[in-house]
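Examination of the molecular architecture
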Number of protein chains: 4
Amino acid sequence: MNTLGKLLSLTTFGESHGPAIGGVLDGFPSGIAIDYDFVRQCMQRRRPGQSTVTTGRQEKDEVEFLSGLLDGVSTGAPIAFIIRNTDQHSSDYDELKDLFRPSHADYSWEQRYGLRDWRGGGRSSARVTAPICVAGALALLAFRKLLPEMEIRAFTSQIGPYSTDPANDMYYTSAMAESNSVRCPDPELAARMEDYIHGLREEQDSTGGCVTCIVTGVPAGIGNPVFDKLEASLAGAMLGINAAKGFEYGDGFMSASQLGSQHNDSFRMDDGRITVATNHSGGIQGGISNGQPIRFRVAFKPTPTIGRQQFTVTRDGQETVMTAKGRHDPCVVPRAVPVVESLTALVLLDQWLTSGK
Amino acid sequence: MNTLGKLLSLTTFGESHGPAIGGVLDGFPSGIAIDYDFVRQCMQRRRPGQSTVTTGRQEKDEVEFLSGLLDGVSTGAPIAFIIRNTDQHSSDYDELKDLFRPSHADYSWEQRYGLRDWRGGGRSSARVTAPICVAGALALLAFRKLLPEMEIRAFTSQIGPYSTDPANDMYYTSAMAESNSVRCPDPELAARMEDYIHGLREEQDSTGGCVTCIVTGVPAGIGNPVFDKLEASLAGAMLGINAAKGFEYGDGFMSASQLGSQHNDSFRMDDGRITVATNHSGGIQGGISNGQPIRFRVAFKPTPTIGRQQFTVTRDGQETVMTAKGRHDPCVVPRAVPVVESLTALVLLDQWLTSGK
Amino acid sequence: MNTLGKLLSLTTFGESHGPAIGGVLDGFPSGIAIDYDFVRQCMQRRRPGQSTVTTGRQEKDEVEFLSGLLDGVSTGAPIAFIIRNTDQHSSDYDELKDLFRPSHADYSWEQRYGLRDWRGGGRSSARVTAPICVAGALALLAFRKLLPEMEIRAFTSQIGPYSTDPANDMYYTSAMAESNSVRCPDPELAARMEDYIHGLREEQDSTGGCVTCIVTGVPAGIGNPVFDKLEASLAGAMLGINAAKGFEYGDGFMSASQLGSQHNDSFRMDDGRITVATNHSGGIQGGISNGQPIRFRVAFKPTPTIGRQQFTVTRDGQETVMTAKGRHDPCVVPRAVPVVESLTALVLLDQWLTSGK
Amino acid sequence: MNTLGKLLSLTTFGESHGPAIGGVLDGFPSGIAIDYDFVRQCMQRRRPGQSTVTTGRQEKDEVEFLSGLLDGVSTGAPIAFIIRNTDQHSSDYDELKDLFRPSHADYSWEQRYGLRDWRGGGRSSARVTAPICVAGALALLAFRKLLPEMEIRAFTSQIGPYSTDPANDMYYTSAMAESNSVRCPDPELAARMEDYIHGLREEQDSTGGCVTCIVTGVPAGIGNPVFDKLEASLAGAMLGINAAKGFEYGDGFMSASQLGSQHNDSFRMDDGRITVATNHSGGIQGGISNGQPIRFRVAFKPTPTIGRQQFTVTRDGQETVMTAKGRHDPCVVPRAVPVVESLTALVLLDQWLTSGK
């Protein structure tokens, strides 16, 4: 239940306010040299407290690798790693112990398990995405060797009312996205998104948004035709991110209003190679990559923790009013960008291995 | 790769023009009486040739159960079933043998496996959803006994430019949806959709659309908090349907432009029970059901097979022009409705069992 | 629960007296030509009624392939196949409906599922091994292409008091084993075993025995080091055969009384290649093949169905006396030989694929 | 590949001389109070350096729990734990870096992964069984609550030429087994085994042995009828223990020379409950528990590391002679006893949960 993947499998563990969070990455190819700086950098991109648009919690997020490496090279044994939880203000959450925060997992978790870890969301905290970024960094390092031409780049394509133009998707670079605190590759739009988030912070409110991900350099023939379709694996993984509410690939929901004659991607020859005239399909046809850029988008709801007064009920069934203390993001989307990239790398490496490539 | 689910697992098999398609449903509870008429009825809803808006292929789709039943009651052994392929016009596909149809799985499959079954799409044909409907019917029969108050109803919520109003989602009934050939519960809209499809048929074109699914009567506490989230399982299953391009639950992509203060669902007391004032979450919080109606939407692209001339390439790399013969739907959406319901039943029963209910 | 394997997975279904038994083999490599005569031959070796030492039931066991093949070549899609149940004498079992046969699965199954298929053992019948032989034949055909030097040969190494000498294990050929009805490669011993079984048939009794399996030509490096060890996969598969009571590999239980200085296999050089002086390890070290012949043995209990009067109880808790009618083997061991070979082929092909070979 | 179990899954990680070993136990029931002293005690039973018959390495083996617990009670989230590696003498292994130790996993691992962790056996060290004991202790604690009448007791039943009498299996208690350093419940035999091991230590040799395990209080109806048979799960788990060479349950290999009329267990009524007159089946029939004591035996080979000179080859293909330094047991069997118990608890709890109990 806490494991993703078939041949390459990531099992994560840990709660927001327990001793540590971490993961075990099993099935990772042997002989891959780990670039620790790269891993740290991937981690830091997800880290809160990076800028004024995200939460104030200062996570140091030092990764300690416990196994699977010899002199910094993967041996084929499972790679376990942990990140200690520090800078915890559990007392911030004391008053949440006996009530259910609206649109959090408090109530549903307690119905599932009969009790819950109320400290900072416990296992349902966004902090559980940190191990995903560590494992994603490892998967990216494996691809650097196995498939060096592949590139995964995600960026913020929407925050509240501000959206990028999908027509530009293929022109945005990682550098453009990383140049600002909201990770939007359009600088003008980024400025507006930042202002919007700052405004919401003052109003004690939060906003949703979208992340778009583009993967280039994936060869044709990766995936499976029925239940383990490449798009189904990506969708399943993305919907596993906290606050994710939707997934679409290629033209996605827009396809619903298209004609077949508009949507179909004609095959063409280009310099002796088979290619397509358009990419409405988003690089996947019938569950299997077709060699074109893979393109998908993930929607995120507004952070449920807001500083405003909200109505809710207590564990013993009394209606009450709460106001969240603690630290929280007005918008998780910029921090979701590296999580989306990491899960993409993990899904693709798993599908690559199971496709026998 | 052709298996869905953990404790309740469905393995399907079969190609469009092979001897038979079918499935094996393992982990199904014992002691469930099979209502064969109900199964047949579920099958028939997916069947093409039901009306003038769908394909002309006449599939009889007689299900034969091979195992797992004694006097019509499930024994706990795997339930295997097959549906013979009849009314096959393989010769319709002869000329497709050596070219790749645009936006079909022909090219990607061949890159994956080195060869492909070119007869009617082979394993990538929409016909592979028939076994899903048989298994889904069985899951529904299990729920009739285990959780009689649960109801799953899906309907066509969009075809091309015509969409239902989400505000009415909870008021639509299955009977309304089943009263017309497009399975849209709004009769006026349904008429327009029918006209639209008829027009497209004449123009040799096709259209996409959306299916909305509502599940009521699911108790709180079904699901898992991280990688096997209820929404992730639903998303993975739905993206496994042919032509599916997107999945969203609750307010979905609309959440991206909402504020936290709008999106959050306040808890309330109602006659001594915990409930919510709104259901933007779509019945799932943190991967686990919260007792509210589960609500999600799936987007489908236009049928890729159209009667118009299209550009493509041959297997040996020659650009060419093709015009599809054979039988094909201008719109798969109405036939996807029972598939969405079936996969929902299968995912919910599996999550119900793994949640130890 | 009815599935074996990870990348290559076999799901079987069917009961002794239902309409059909069969299986779905998923993850099978594409491009393998199916030699139907070979499959039929593998099936027939398992078939009862082959000689006077086995059961009188005449199973025709015609395999029908339903999917995954195009012009007799595997396409990468799941290969489903069925074998119709014919020559059923269900009425033979009528009186078993309400009592529990000693050392059968009747009682434990009913405790597990609340009801059971009492006709001929239902899902617990030895007949469920027939689909394993079909799938095993396919795996052998894949190896013919992928690893032509590999050879799997199993034979009867013990029946009742008669045992072959393990020192000869490497010298026995398949032809020797197949030359007599008990599948013992030592002709003199085979004759005694046959006499022994004929005597037991007259006495309405049965006997246990052992099957030894030798696999040559497996390259070093197949397997996994901890929970999916090659020997653990083999053990798990073999203990899944009806009536199996034990598994050992290499020197097995004899190792318990050996010294390290006796048991250890020294490495040597042989014509520039690394080899070993002895093979007490049985070709596997630390869960991974070492390039030496894999050698293991499986123990089977006597057939529980005997013609003698036995004490037992009825479903409603009355002590009673029963005498089995129906058809039954005095010794299942000769028929288990092809099942052991089939499971070995399936396990090795799965481990080969998951080891990325 | 490093994961055991379906609904209750244990993923282990770590090498002998890396920073830490550990595990993640997922699917563990919520609401179980962890008795840390009990866990420590289970760990210590496996620990080397307990007496003069085992290795001199002093492992402190302090377990640190990282997740899944709140105030010492399980929450339903995955329980991760680590044990730091201390007292490592990696330099003891320097000279092993470039040669393959006989009957170790050195050669096969390197063929599998292209490189290996040569320090103390790396991932193939017996040290990897420590996390199994931690997880096993947790499973036992869950059973204390879920099934308090269940008892698992394993003991040393053979060391070299000394064997207990199976007729006494049911009379031996844990206390008898724990009263001496070899964990043999027969005190006289235990003394002889100790002498035997002391003698072998002086001769720089090692010995194999067997562990017998008895489980009482398991209700009928736990298990699965075909590939996930209870005995198959137990066999697969036991063969995953380092140095295990065989598994048998009930009368095991002895069944091969028995008659059906001897082996069959007649059902009887006892005080209104169904029971059996004998238990040759070992508590499992057709893959499912029948309510009788489960009884099985595991064979272990002699420790491959011996102080004597042995012939082997180097990585670059030179024949050479080696003499092991480092610390090593002349006999692993006494330390395997708690590992067998732990795996039994894990397998039973998983099967219990998947059987829907």
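Residues numbered from 1 in each chain as written. Chains lettered and ligands numbered in written order. Predicted model: local features only at pLDDT ≥ 70, side-chain atom pairs only at ≥ 80, totals over all residues. Heavy atoms only, no water.

**With respect to the overall build of chain A**
Applied cut-off: Secondary structure elements are taken from DSSP: a helix is a run of H or I of four residues or more, a strand is a run of E of two residues or more, and numbering for both begins at the N terminus. The globule rule used here is 2.2 Å times the number of residues to the 0.38 power, and the radius of gyration it is set against is calculated over C-alpha atoms. In this scheme, a residue with accessible area under 20% of its type's maximum is buried, one over 50% is exposed, and one in between is partly exposed, where area comes from a 1.4 Å probe on protein chains only. Throughout, a residue-residue contact means that at least one pair of heavy atoms, one from each residue, lies within 4.5 Å. Computed with the Shrake-Rupley method and a 1.4 Å probe, the accessible areas treat only the protein chains shown as cover for residues. Residues scored as charged are limited to Lys and Arg (positive) and Asp and Glu (negative), so that His and the chain ends carry no count. Lysine's charge is taken at NZ, arginine's at CZ, aspartate's at CG and glutamate's at CD.
Along chain A, the regular secondary structure elements total 8 helices and 18 strands. Relative to the globule expectation of 21 Å for 357 residues, the C-alpha radius of gyration of chain A, 21 Å, shows essentially globular dimensions. Considered along the principal axes of its C-alpha atoms, chain A spans approximately 70 × 50 × 35 Å. Residues classed as buried in chain A amount to 68% of the 357 residues present. If you take every contact in chain A between residues at least 6 apart in sequence, the share linking residues at least 24 apart comes to 70%. As displayed, chain A offers around 11,100 Å² of accessible surface, 48% of which is attributable to carbon and sulfur atoms. For chain A, the separation between the mean place of its 34 positive charges and that of its 41 negative charges on side chains is 3 Å.

**Focus on the confidence of the model for chain A**
Cut-off, in case you're wondering: The quantity called pLDDT is the predictor's confidence in a given residue, expressed from 0 to 100.
In the predicted model, chain A carries a mean pLDDT of 93, and the fraction of residues at 70 or more is 95%. The ipTM value of the predicted complex is 0.96, and its pTM value is 0.96.

**Remarks on the packing of aromatic side chains**
Two aromatic rings, taken as a pair, are described by how far apart their centres are and by the angle between their planes. The cut-off we apply is this: Aromatic rings from Phe, Tyr and Trp, with only the six-membered ring used for Trp, were paired whenever their centres fell within 6.5 Å, and each pair was classed as stacked if the ring planes differed by under 30 degrees, edge-to-face if by over 60, and tilted otherwise. By definition, being over a ring means that NZ of Lys or CZ of Arg is both within 6 Å of the ring centre and within 35 degrees of the ring normal.
Applying the stated criterion across every chain yields a total of 46 aromatic pairs over all chains. Ring centres 5.2 Å apart and planes at 75 degrees place the aromatic pair Phe-100 of chain B and Tyr-107 of chain B in the edge-to-face group. What makes Phe-100 of chain B buried here is its relative accessible area of 3%. Since its relative accessible area comes to 8%, Tyr-107 of chain B is described here as buried. Judged by centre distance (5.1 Å) and plane angle (75 degrees), the ring pair of Phe-155 of chain B and Tyr-172 of chain B falls under edge-to-face. Linking Phe-155 of chain B in strand E8 (residues 151–159) with Tyr-172 of chain B in the loop between strand E9 (162–163) and helix H4 (174–178), this pair joins segments that are 17 residues apart in sequence. Each member of the pair, Phe-155 of chain B as well as Tyr-172 of chain B, is classed as buried. One aromatic cluster is present, formed by Tyr-36, Phe-65 and Phe-81 of chain A through successive ring pairs. Lys-245 of chain A extends its terminal NZ or CZ atom over the ring of Tyr-249 of chain B, reaching a point 3.7 Å from the ring centre. The aromatic ring of Phe-38 of chain C is capped on one face by Arg-144 of chain C, whose charged end is 4.5 Å from the ring centroid.

**What about the pairing of strand E17 (residues 309–313) of chain D?**
Residues and elements named next belong to chain D. Just so we agree on the cut-off: By definition, two strands form a pair when at least two bridges between them are found by DSSP.
Judged from the 5 bridges that link them, E17 and strand E18 (residues 319–323) form a sheet pairing that is antiparallel. From the neighbouring strand, Phe-311 faces E18, where its bridge partner is Val-321. The turn linking E17 back onto E18 is made up of 5 residues, and Gly-317 within it adopts a positive phi angle of 80 degrees.

**Comments concerning the sheet that holds strand E2 (residues 9–13) of chain D**
Residue and element names in this part refer to chain D. The condition that has to hold: Fitted lines through C-alpha atoms serve as axes, helices being fitted only where they are in contact, and the angles separating the N-to-C directions of these axes extend from 0 to 180 degrees.
The strand order E1-E2-E3-E7-E4 describes an open sheet built from 5 strands, whose pairing is antiparallel. Strand pairing shows two members of the sheet lacking a second neighbour, strand E1 (3–4) and strand E4 (63–65), which therefore form its edges. When strand E3 (residues 20–26) meets strand E7 (residues 79–84), the two strands line up antiparallel, connected through 6 bridges. Across the sheet, the residue bridging to Leu-25 is Ile-79, located in E7. The sheet strands contacting helix H3 (residues 130–146) are E2, E3, E4 and E7, and the helix crosses E7 at an angle near 140 degrees.

**A short note on the side chain of Thr-156 of chain C**
Residues and elements named next belong to chain C. Stated precisely, the cut-off is as follows: N or O atoms within 3.5 Å of each other form a polar contact, as long as, within protein, one can give a hydrogen and the other can take it, and as long as residues adjacent in sequence are counted only when both atoms are side-chain atoms.
Examined against the element boundaries, Thr-156 turns out to sit in strand E8 (residues 151–159). Here Val-182 takes part through its backbone oxygen, which lies 2.6 Å from a polar atom of the side chain of Thr-156. Those residues in contact with Thr-156 that sit more than four places away from it in its chain are Thr-164, Val-182, Arg-183, Cys-184, Pro-185, Met-193, Cys-210, Val-333, Pro-334 and Val-337.

**Observations concerning the relation of the copies chain D and chain C**
Counted only if it meets this: Alignment of copies: least-squares fit on C-alpha atoms of residues with pLDDT of at least 70 in both copies.
With an RMSD of 0.0 Å, the fit of chain D onto chain C corresponds to turning through 180 degrees and sliding 0.0 Å along the axis. Within this description, the copies of the chain are treated as partners about a two-fold rotation axis. Among all residues of chain D, the minimum C-alpha distance to the rotation axis is found for Gly-236 of chain D, at 2.3 Å. When you check the interface residues of chain D against chain C, 100% turn up at the interface there too, and the contact is symmetric in its surfaces.

**Considering the relation of the copies chain A and chain D**
Note on the chain copies: they are related by a rotation about an axis and a translation along it. For the pair chain A and chain D, the relating rotation is 180 degrees, the translation along its axis is 0.0 Å, and the fit reaches an RMSD of 0.0 Å. Both copies share a contact surface, since 100% of the interface residues of chain A are interface residues in chain D too.

**Some words on the environment of Ala-77 of chain D**
Mapped onto the secondary structure, Ala-77 of chain D falls in the loop between strand E6 (73–74) and E7. For Ala-77 of chain D and Ala-220 of chain D, which are 143 residues apart along the polypeptide, the C-alpha to C-alpha distance reads 29 Å.

**Overview of the sheet that holds strand E1 (residues 3–4) of chain B**
Where strands meet in a sheet, backbone hydrogen bonds hold them as pairs that are either parallel or antiparallel. All names here are of chain B. Taking strand neighbours across the sheet as the criterion, the 5 strands line up as E1-E2-E3-E7-E4 in an open arrangement whose pairing is antiparallel. The open sheet terminates on both sides in strands that have one partner only, identified here as E1 and strand E4 (63–65). Both strand E2 (residues 9–14) and strand E3 (residues 20–26) contribute to a ladder of 6 bridges, which runs antiparallel. Considered in E3, the bridge of Leu-10 is made with Leu-25.

**Description of the pairing of strand E11 (residues 244–249) of chain B**
E11 of chain B sits mainly inside the fold: 6 of its 6 residues count as buried. Strand direction decides the pairing type here: strand E11 (residues 244–249) of chain A and E11 of chain B, joined by 3 bridges, are antiparallel. By the bridge assignment, Glu-248 of chain A is partnered in E11 of chain B with Gly-246 of chain B.

**Quick notes on the interface of chain A and chain D**
How we decide: Buried area adds together the accessible area that both of two parts lose upon being put together, with accessible area traced by a 1.4 Å probe. The working definition used for a salt bridge is a side-chain nitrogen of Lys or Arg within 4 Å of a carboxyl oxygen of Asp or Glu. Classification convention: Asp, Glu, Lys, Arg as charged; Ala, Val, Leu, Ile, Met, Phe, Trp, Tyr, Cys, Pro as nonpolar; all other residues, Gly among them, as polar.
In this complex, chain A contributes 40 residues to the contact, which on the side of chain D involves 40 residues. Carbon and sulfur atoms supply 61% of the area that chain A and chain D bury against each other, a total of about 2,900 Å² over both sides. Three residues stand out in chain A for area buried against chain D, namely Phe-13, Leu-66 and Leu-70 of chain A, and they jointly supply 18% of the buried area on that side. Where chain A touches chain D, the interface holds 2 salt bridges. Between Arg-84 of chain D and Glu-64 of chain A there is a salt bridge, and its shortest N-O distance comes to 2.6 Å. Counting every contact that joins chain A to chain D gives 12 residue pairs in polar contact (both at pLDDT 80 or more). At the level of secondary structure, the elements contributing two or more residues to the side of chain A that touches chain D comprise strand E2 (9–13), strand E3 (20–26), strand E4 (63–65), strand E5 (69–70), strand E6 (73–74), strand E7 (79–84) and helix H2 (106–113) of chain A. Partitioning the side of chain A that touches chain D into residue classes produces 19 nonpolar, 13 polar and 8 charged.

**Some thoughts on the pattern of salt bridges**
The tally for this structure, following the rule as stated, stands at 72 salt bridges over all chains. Note that Arg-101 of chain B and Asp-106 of chain B form a salt bridge whose closest N and O atoms lie 2.9 Å from each other. Comparing Arg-101 of chain B with Asp-106 of chain B, the two get one shared label, buried. The partner of Asp-205 of chain B in a salt bridge is Arg-308 of chain B, with the nearest N and O atoms 3.8 Å apart. Taken together, the residues Asp-205 of chain B in the loop between helix H5 (187–202) and strand E10 (209–216) and Arg-308 of chain B in the loop between strand E16 (294–300) and strand E17 (309–313) connect sequence positions 103 residues apart. What makes Asp-205 of chain B buried here is its relative accessible area of 4%. Relative accessible area serves as the criterion here: at 33%, Arg-308 of chain B is assigned to the partly exposed category. Here the salt bridges share partners, and the residues they tie into one network are Asp-98, Arg-101, Asp-106, Glu-110, Arg-116 and Arg-315 of chain A.

**Some details on the packing of helix H3 (residues 130–146) of chain A against helix H8 (residues 333–354) of chain A**
All names here are of chain A. As a reminder of what qualifies: Every angle not falling under 35 degrees, over 145, or within 65 to 115 is termed oblique; those three ranges are roughly parallel, roughly antiparallel and roughly perpendicular. What makes a crossing left-handed is the near helix being turned counterclockwise from the far one by less than a right angle; a clockwise turn instead makes it right-handed.
At a minimum axis distance of 8 Å, the contact between H3 and H8 shows a crossing angle of 50 degrees. Accordingly, the angle class assigned to the pair H3 and H8 is oblique. Two packed elements cross with a definite hand, and for H3 against H8 that hand is left-handed. Across the interface between the two elements, Ile-132, Cys-133, Ala-135, Gly-136, Ala-139, Leu-140, Ala-142, Phe-143 and Leu-146 from H3 touch Pro-338, Val-339, Ser-342, Leu-343, Ala-345, Leu-346, Leu-348, Leu-349 and Trp-352 from H8.

**What about H8 of chain A?**
Residue and element names in this part refer to chain A. The line we're drawing: A helix is expected to reach a length of 1.5 Å times the quantity of its residues less one.
The terminal C-alpha atoms of H8, which comprises 22 residues, lie 31 Å apart, in line with the 32 Å expected from a rise of 1.5 Å per residue. Across the 22 residues of H8, 21 count as buried, placing the element largely inside the fold. In the stretch just after H8, Gly-356 is the one whose phi turns positive, near 70 degrees.

**Quick look at the interface of chain D and chain C**
Listed per partner, the contact involves 103 residues of chain D and 103 residues of chain C. Summed over both sides, the interface between chain D and chain C buries roughly 7,800 Å², with carbon and sulfur atoms accounting for 60% of that surface. The interface formed by chain D and chain C includes 39 residue pairs in polar contact (both at pLDDT 80 or more).

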